Each structure stands twice: as structure tokens, then as C-alpha cells.
Amino acid sequence: MTLTAHAPASTGTPSPDLLDFSGVTMRFDTGTVALEDVDLTVRRGEFVTVVGPSGCGKSTLLRIASGLETATAGTASVSTDRIGYVFQDATLLPWRTVQRNVELLAELNGQSSQERQGKAAAAIELVGLTGFESSLPKQLSGGMRMRTSLARSLTLDPELFLFDEPFGALDEITRERLNDELLRLFVEQQFAGLFITHSVSEAVYLSTRVVVMSGRPGHIVKTFDVPFPMPRDPDIRYSAEFGELVGEVSHALREGHR
Ligand code: ADP
């Protein structure tokens, strides 16, 4: 198994595939097989969401995509080194302000203070947190903490954005609002997304493609192309076609979990 992470060539047309998994299997030393023979591609312009039961290997999939974990069989190619990663927990440093938290990744990347301050200000504006730069994480709502986490990754100008159930702990209204914000960022910033969620309606609303995984060992049981255009109309959530697709994905999820 190889994880090839290299920046796209600066000349010519960049490869449309940002992530290409072929036959990816993950067996931990404990003997647990988390993933089995997973084929998955994420191309530029795509927002792919993976739904599956707890423990089926979704986080493991993202960890392999980010290079944090190495698959035990198959090939996992990622053709960019500009990868954003947002977790369920906002993982902010409690003693740092919003501004200083957002600057963190740029700081670790060795950018000058002027450069990272400019990037952080732009990212804070993108996620709608202008005015809260001096706030500490404990002074923010859950949704605002997640916006801060998003802004921190945006400073890396990611080509591939990995999301591990980022909105799972938020109330329904906040989650819907952040879904809309995320779609706006997807359209404006043109990153490709690989998103994990338990919520089928969130998956259908956000995605250009929904991938359904089975129970452990996780493998892909079905893939659905989502036909609704981007930018996505928030009212699509209440349409019959949307409800129908949510029903089909839920059905595949139940079948794969047997
Ligand atoms: P999901 O994100 O779908 O809930 P995970 O990818 O977190 O699932 O985990 C898949 C399976 O692999 C689980 O049974 C989990 O306990 C196991 N697992 C995850 N990481 C490790 C590890 N580092 N060592 C051993 N087992 C692990």
C-alpha cells in the first residue's frame, strides 16, 4: 500500500482525481478489520459524503486519506498536499482567542505573522465570525466554535477538505445553518469535500454523491449521485424528490447493516 501525496503539476491540466482509493483494506494489530476492499474516488468539484453505521471504519477512511494512518492493503493516492481536516470536536486551544486559534495552522507551517494574520482575517470573514476575533472559545456557542475550526483549516487554502462528522453535536437549526454556510464555501472556494455523517438528510443535502457503507468491516454497498444543482436551494430539503432520495439512501443503509 502506498500513500502518495504530491502537489499537482504547476503546468498542464491538473488531474481531476484528488483522492483515489483502490481496494483499500485496514486491519489493525488488534485483529479488527475496519475497512475491506474500498474503492473510492473524489474528483475536483465533487462533494462526497460517506454514511454508515458506527464503527464501520468511516474515521479510519479519513485518517488514511489525510496520511495519519496507512492502509494494510490496496492503494490510497492523494494528489494534493493542501488538505483541510475538521473533526467532530472543534479542537480549539482554550487559551487562544479566535484570531490566534485560526492562525495556528499557518503558524505551524512557518508563515510570517503578517501573512498568517491576513489569512486568518480572510478566513474569519468567510465563516461569518468578524467581530469575534478577540473572543475565547469558552465565550462562543458550539456553532461558532465549529466555524472557528473551519476557518482554521481554510487558512491552508485546501484543495481537499476532510470532514469527520463536524456538525454531529450541534442542534438541528445550527446544523442546517452550517450546512448552508459550508455549501456556500464549497461553491466559492472550490475545494473538493469528503464528509462523514450519520445523518442521511445532511448527506443528501450537502453532496454531489453519497456513498453508503456496510457495518464492519466497512465496504461500499451503494453509491448515489445527487441530481440537485449547486448552489443548492435550501428549500430543496422540503421537496418530494429530496425526500425520495433520502428514503433510498436510508434503505441502502439498513440493507447494508444486516
Ligand atoms: P467509525 O468512524 O465508522 O465509527 P472507526 O473508523 O472509528 O469507525 O473505527 C472502525 C473500527 O476500527 C472500530 O471497531 C474501532 O474500534 C476500530 N479501530 C479504530 N482505530 C483503531 C486503532 N487504532 N486500533 C485498533 N482498532 C481501531
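Quick caveat, the model's predicted, so the values are computed rather than measured.

Trainee: Can you break down the overall build of the protein chain residue by residue, with the values?
Mentor: For the protein chain, the count of helices and strands is seven helices and ten strands. Scaling as 2.2 N^0.38, a compact globule of 258 residues should have a C-alpha radius of gyration of about 18 Å, and the protein chain matches this with 18 Å. Taking the principal axes of its C-alpha atoms as reference, the protein chain extends roughly 50 × 45 × 40 Å. Looking at the 258 residues of the protein chain, the share that counts as buried comes to 50%. Taking as baseline every contact in the protein chain between residues at least 6 positions apart, the subset at least 24 positions apart corresponds to 73%. As displayed, the protein chain has an accessible area near 12000 Å², and 49% of this comes from carbon and sulfur atoms. Treating the 24 positive side-chain charges of the protein chain as one cloud and the 33 negative ones as another, the clouds have centres 5 Å apart.

Trainee: Please provide a residue-by-residue account of the site of the ligand, values included.
Mentor: Around the ligand lies a shell of 13 residues, among which Gly55, Lys58, Ser59, Thr60 and Arg216 are the nearest. For the ligand, an oxygen atom lies 2.7 Å from a polar atom in the backbone of Gly55. Measuring from an oxygen atom of the ligand, one finds a backbone N or O atom of Cys56 at 3.1 Å. Here the ligand loses 64% of its free accessible area of 560 Å² to cover by the protein chains. For the shell around the ligand, the residue count by class is four nonpolar, seven polar and two charged.

Trainee: Tell me about helix 5 (residues 172–189), and name the residues and values.
Mentor: Across its 18 residues, helix 5 extends 25 Å between first and last C-alpha, which sits within 8% of the 26 Å expected from 1.5 Å per residue. Every buried residue of helix 5 is accounted for by Thr174, Arg175, Leu178, Asn179, Leu182, Leu183, Leu185 and Phe186. In this structure, the buried side of helix 5 is in contact with strand 4 (47–51), helix 3 (113–126), helix 4 (142–154), strand 7 (160–164), strand 8 (192–197) and helix 6 (200–206). The backbone nitrogen of Ile173 lies 3.2 Å from a side-chain oxygen of the residue at the head of helix 5, namely Asp171. Downstream of helix 5 by a residue or two, Gln190 has a phi angle that is positive, lying close to 60 degrees.

Trainee: Lay out the nonpolar core with the relevant residues and their values.
Mentor: One broad rule of soluble globular proteins: the nonpolar side chains tend to lie buried together. The biggest cluster of nonpolar side chains holds 47 residues, and the ones touching the most others in it are Phe163, Leu182, Phe191, Val204 and Val249. Looking at this core, you find at least three residues from each of domain 1 (1–8 + 15–82 + 158–258) and domain 2 (87–157).

Trainee: I'd like to hear about the domain arrangement of the protein chain, residue by residue, with values.
Mentor: For the protein chain, the assigned domains are domain 1 (1–8 + 15–82 + 158–258) and domain 2 (87–157). Distance from the C-alpha centre of domain 1 to the C-alpha centre of domain 2: 24 Å. On the domain 2 side, the residues contacting the 22 residues of domain 1 number 13 residues. Of the roughly 1400 Å² buried where domain 1 meets domain 2, counting both sides, 65% is carbon and sulfur surface.

Basis of the calculations
Residues numbered from 1 in each chain as written. Predicted model: local features only at pLDDT ≥ 70, side-chain atom pairs only at ≥ 80, totals over all residues. Heavy atoms only, no water. Helix = DSSP H or I, 4+ residues; strand = E, 2+ residues; numbered from the N terminus. Rg over C-alpha atoms; globule rule 2.2 N^0.38 Å. Buried < 20%, exposed > 50% of the residue type's maximum accessible area, 1.4 Å probe, protein only. Contact = heavy atoms within 4.5 Å. Areas by Shrake-Rupley, 256 points an atom, 1.4 Å probe, with all protein chains shown as cover. Lys, Arg positive; Asp, Glu negative; His and termini not counted. Charge placed at Lys NZ, Arg CZ, Asp CG, Glu CD. Near = heavy atom within 4 Å. Polar contact = N/O pair within 3.5 Å; in protein donor to acceptor, adjacent residues only side chain to side chain. Nonpolar A, V, L, I, M, F, W, Y, C, P; charged D, E, K, R; others polar. Expected span 1.5 Å × (residues − 1). Core = buried A, V, L, I, M, F, W, Y, C linked by side-chain atoms within 4.5 Å. Domains from an automatic or database assignment. Buried area = accessible area lost by both parts, 1.4 Å probe.

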